[in-house]
Amino acid sequence: MKDDKTEDQILDAAEKIFQRKGMDGARMQEIANEAGINKAMLHYYYRTKRFLFEAVFSKAFSLIAPEINRVVNDDTELFEKIRKFTHSYIDFIQKHPYLPNFIIQELNRDSDFIKILQEKKGFPDFRNFRAQVEKEVRDGNIRPIKAEQLFIHLLSLNIFPFLAAPLFKGFLKLDDKTYKAMMEERKEEISDLLIKYLKNE
């Protein structure tokens, strides 16, 4: 019978290997070695590398998707929601810095995988966010903008500094501690930038 502890060991080991080498570069033997089990045991739990990767990817996505879903669908007013999203997202990624690169890299490699994720519980639902933005536009509270465009602004401003961290650190000659402090500052920088833009100031 399968053991939850062993399965967790496998997923943790696979996560490390997939982060370093991606789906195509990873080898089942490497993952077995990292997990401290033999390859036959690994295949007993996950018959193919594809099945194992889907489990690891789903686990990674399940960490970030509910956080996004929770913030975009709560009852706070729009400007407060922007601040809340930025603070929550940056706090989360500071704890899991590998996630954005891992998720985007693999979705670019296999764009059809998003269809599997869309069927999972907790996948972000933007209907409430869209309705909220449309109402704010109708009421004249913010400049005309599509909710989809606003969300792309919000997510990209938050995500790109983590994706491009090595590049920025090199250009700006920043060490890890200084860059982390800069990401904390971006919580207000991003929020203020977007809110001023929406107010058309």
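All chains use their own residue numbering, which begins from 1 and follows the written sequence. With the structure being a predicted model, the display of local features is reserved for residues of pLDDT at least 70 and the display and counting of side-chain atom pairs for 80 or more, all residues being used for whole-chain, interface and lining totals. Heavy atoms throughout the structure, all of them, feed into the side-chain values; hydrogens and water do not.

Going by an unreviewed UniProt entry, the protein chain carries the name TetR/AcrR family transcriptional regulator and comes from Salinimicrobium flavum.

Participant: Kindly report on the pattern of salt bridges, identifying the contributing residues and their values.
Facilitator: Salt bridge, as applied in this entry: a Lys or Arg side-chain nitrogen positioned within 4 Å of an Asp or Glu carboxyl oxygen. Summed over all chains, the structure comprises 14 salt bridges. Lys187 is paired through a salt bridge with Asp91; the nearest N and O atoms lie 2.4 Å apart. Taken together, the residues Lys187 in helix α11 (residues 176–199) and Asp91 in helix α5 (residues 78–95) connect sequence positions 96 residues apart. Residue class for Asp91 comes out partly exposed when judged on its relative accessible area of 34%. Shared partners join several salt bridges into a network, and the residues in it are Asp74, Lys81 and Lys84. Each helix is a run of DSSP H or I of at least 4 residues and each strand a run of E of at least 2, with the numbering of both proceeding from the N terminus. Per-residue accessibility, obtained with a 1.4 Å probe over protein chains only, is compared with the maximum for each type, and a residue is labelled buried under 20%, exposed over 50%, and partly exposed between these values.

Participant: Explain helix α1 (residues 4–25) residue by residue, including any values.
Facilitator: Multiplying 1.5 Å by the residue count of a helix minus one yields the expected span of that helix. Helix length check: α1 (22 residues) gives 26 Å between terminal C-alpha atoms against 32 Å at 1.5 Å per residue, more than 12% under. By the largest-angle criterion, Gln19 marks the main kink of α1, which is about 85°. Here the bend at each residue means the angle between axes fitted to two seven-residue stretches, the one ending at that residue and the one beginning there.

Participant: Describe the side chain of Glu15, listing the residues and the values that go with them.
Facilitator: As for its placement among the helices and strands, Glu15 is situated in helix α1. Positive residues here are Lys and Arg, negative ones are Asp and Glu, while His and the chain termini are left out of the count. Buried charge Glu15 goes without a salt bridge, the closest partner of opposite sign being Lys59 at 4.9 Å. The criterion used for residue contact is that any of the two residues' heavy atoms lie within 4.5 Å. For Glu15, the residues in contact, after removing those within four places along its chain, are Val56 and Tyr98.

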